[in-house]
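# Structural overview
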Amino acid sequence: MAGRSLARHRVVVVGAGFAGLRAARDLADVAVEVTIVDARNHHTFQPLLYQVATAGLDADDVCYATRGIFHRQSNARAIRAQVVGADLGARTVELADGAVLAYDHLVLAAGGVTADFGVPGVLEHGFGLKSAADAVAIRTHVLERFERCERDPSRIDDGELTLVVAGGGPTGVEMAGGFAELINHVLRRDFPSVDVNRARVVLIEAADRLLGTFAPKLGRSAERKLGRIGVEVLLGTQVDRVTASSVVLADGRTIDTGTLVWAAGIKANPLGAALGLEVDRGGRIVVDRDLRVASHPEILVIGDLAAARDIDGSLLPQVAPAAIQAGAHAAKVIKAELRGGRPVGRFRYRDKGSMATIGRNSAVVELPSGQTVTGLAGWVAWLCLHLVMLIGFRNRANVVVNWAWNYLTYDRASRLIIEDRPLPPRVGGPG
Ligand SMILES: Cc1cc2nc3c(=O)[nH]c(=O)nc-3n(C[C@H](O)[C@H](O)[C@H](O)COP(=O)(O)OP(=O)(O)OC[C@H]3O[C@@H](n4cnc5c(N)ncnc54)[C@H](O)[C@@H]3O)c2cc1C
């Protein structure tokens, strides 16, 4: 940090997701030293990860190097490190390499992890979708299934071209729609000798409708649209267990599959329990109305990791707007304390509505007023909102260019299989 004068009050922010970034940025105008720690060296825009998994965008279109985000914020620095523990009495956090960071305020914003709900085989054989690495792994795996079936078509009989998505929430709906379009528009042309008509996309949902948090008519609209592009939707269906080559349903049916994407839920990052803080049944850290830990008021918890409650007592949804608003609130709390002035008042969540896209020209949007928008108008609203929320001009420009290209040509440029295998030994090289 040569050349920068850092103030003495130390704020450590754990997690450079929506919540942590907002908290750190909102502290730009106060005399504090902000250290933002993330296990990855980048912020991930999770709402567009499904497009990376389905070859519509590149990983670096939806991620942004955290150090770059703070270039212009002289009181902040970003470091790549995993927080593994803390000494809450001494006010230090412990990093995976054994180093410790001292804080005066600690803001925990470590988000969530994939929840397998105890279904056997999910973690071993399924793909979660929480990171750019997950998305690229899914893309690679699906493309490799098609390569394998071209060489040995009998694999199609074993279900290698059957893609199962578990979970009919927004992520599952978007994944299933994205897979169907990838197969229909791109892989059909890439693999002319493969009988792509036998490829299947199956979306499994335990409840009796899709998009359970949306108005019922939007769930039905999504189901109709998915049906039109060839997705098989199984409602009221539970996954009992997963093997390397199949998904076994609770009703006894078995779906032979080459790919399972588990979009059935997330749970809080286990960091709360690791730090010895009180957590609820979902692992979210219990906080007061100000988003503080009651026993350690110098610790604030925000975003998906916090068991923050709305005015009516309900748990806040684990969505980006709630995380961003909580980040802004945490910064206000810290500023108010430093000023020694009046407390800022309880955290109030302002619902911004929900949306999910189902594919080309189609999305469902529900506004906080209960009004709904579907079809092309919903899709345009979805595109605009995601562009506005993305970080960085370069990312926005790349995404616009990619979307325009995909829309006009029906192509998907980001379908490289980047192999991570050792190269064959060089002839005559060391043995
Ligand atoms: C596939 C997908 C699609 C989604 N789509 C939408 C959508 O369309 N609209 C919407 O509103 N919401 C959506 N969400 C939810 C939204 O992305 C989350 O609510 C939001 O990201 C939560 O923000 P956060 O800052 O709490 O956590 P995150 O954004 O998850 O960030 C947490 C950060 O903490 C870091 N971290 C974790 N553990 C540690 C550790 N021990 N040490 C250091 N760093 C750590 C992680 O690397 C990560 O960068 C989606 C989520 C997913 C997974």
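Throughout this description, residue numbers start from 1 for each chain and increase along the sequence as written. Whole-chain, interface and lining totals are the exception, using all residues; otherwise, since this is a predicted model, local features are given only for residues with pLDDT of at least 70 and side-chain atom pairs are given and counted only at 80 or more. Neither water nor hydrogens contribute to the side-chain values; these are computed over all heavy atoms in the structure.

## Focus on the domain arrangement of the chain
This is how it is decided: The split of the chain into domains comes from an automatic or database domain assignment. Throughout, a residue-residue contact means that at least one pair of heavy atoms, one from each residue, lies within 4.5 Å. Using a 1.4 Å probe, buried area is obtained as the accessible area two parts lose upon being combined, added over both of them. In the sections that follow, a salt bridge refers to a side-chain nitrogen of Lys or Arg positioned within 4 Å of a carboxyl oxygen of Asp or Glu. Here a polar contact means two N or O atoms within 3.5 Å. Within protein one must be a hydrogen donor candidate and the other an acceptor candidate, and residues neighboring in sequence count only if both atoms are side-chain atoms. Numbering goes from the N terminus for both helices and strands, where a helix is a DSSP run of H or I of at least four residues and a strand is a run of E of at least two. Classification convention: Asp, Glu, Lys, Arg as charged; Ala, Val, Leu, Ile, Met, Phe, Trp, Tyr, Cys, Pro as nonpolar; all other residues, Gly among them, as polar.
Domain boundaries assigned for the chain yield domain 1 (9–39 + 81–114 + 267–339) and domain 2 (122–264 + 353–409). Domain 1 and domain 2 are separated by 32 Å when their C-alpha centres are compared. Contact with domain 1, which involves eight residues of that partner, is made by six residues of domain 2. Interface of domain 1 and domain 2: buried area, both sides summed, is about 490 Å²; carbon and sulfur atoms make up 71% of it. Counting across the domain 1 and domain 2 interface gives zero salt bridges. At the junction of domain 1 and domain 2, the tally comes to zero residue pairs in polar contact (both at pLDDT 80 or more). Counting residues per element, the ones that place at least two in the side of domain 1 that touches domain 2 are α1 (18–26), β10 (112–114) and α11 (320–339). Here the side of domain 1 that touches domain 2 is composed, by residue class, of five nonpolar, two polar and one charged.

## A few points about the pattern of salt bridges
Two side chains bearing opposite charge may form a pair once their charged atoms approach each other closely. For the record, the criterion: Summary of the burial criterion: residues with accessible area below 20% of their type's maximum are buried, those above 50% are exposed, and those between are partly exposed, where the area comes from a 1.4 Å probe applied to protein chains only.
By the definition in use, this model includes 19 salt bridges. Across the pair aspartate 29 and lysine 335 runs a salt bridge, and its minimum N-O distance is 3.2 Å. Of this pair, aspartate 29 sits in the loop between α1 and β2 (32–38) while lysine 335 is found in helix α11, placing the two residues 306 residues apart along the sequence. The class for lysine 335 is buried, based on a relative accessible area of 18%. Its salt-bridge partner being arginine 394, residue aspartate 60 comes within 3.7 Å of it at the nearest N-O pair. One end of the pair, aspartate 60, is in helix α3 (residues 59–62); the other, arginine 394, is in helix α13 (residues 393–409), with 334 residues separating them in the sequence. Residue class for aspartate 60 comes out partly exposed when judged on its relative accessible area of 43%. Three or more residues are tied together by salt bridges with common partners; here these are Glu144, Arg145, Arg148, Asp152, Arg155 and Glu160.

## Some points on the site of the ligand
Cut-off, in case you're wondering: One heavy atom within 4 Å of a molecule or strand makes the whole residue count as near it. The accessible surface values rely on the Shrake-Rupley method and a 1.4 Å probe; as for residues, cover is taken only from the protein chains in view.
The environment of the ligand is formed by 30 residues, the closest being Ala19, Asp38, Val83, Asp304 and Ala320. One nitrogen or oxygen atom from the main chain of alanine 320 is found 2.9 Å from an oxygen atom belonging to the ligand. Within the complex, 89% of the 1000 Å² of free accessible area of the ligand lies under protein. Put simply, the parts of the chain that give the shell around the ligand at least two residues each are α1, β2 and α11. When residues of the shell around the ligand are assigned to their parent elements, the largest contribution, three residues, is made by α11. A class-by-class count of the residues in the shell around the ligand yields 16 nonpolar, ten polar and four charged.

## Thoughts on the pairing of strand β23 (residues 354–359)
Inclusion rule: Here the rule is simple: two strands pair whenever DSSP picks up at least two bridges between them.
Note: β23 against strand β24 (residues 362–366), five bridges, orientation antiparallel. Considered in β24, the bridge of serine 354 is made with glutamate 366. Taken together, β23 and the strand that follows it, β24, pair antiparallel across an intervening segment of two residues, in which asparagine 361 is found at a positive phi of about 60 degrees.

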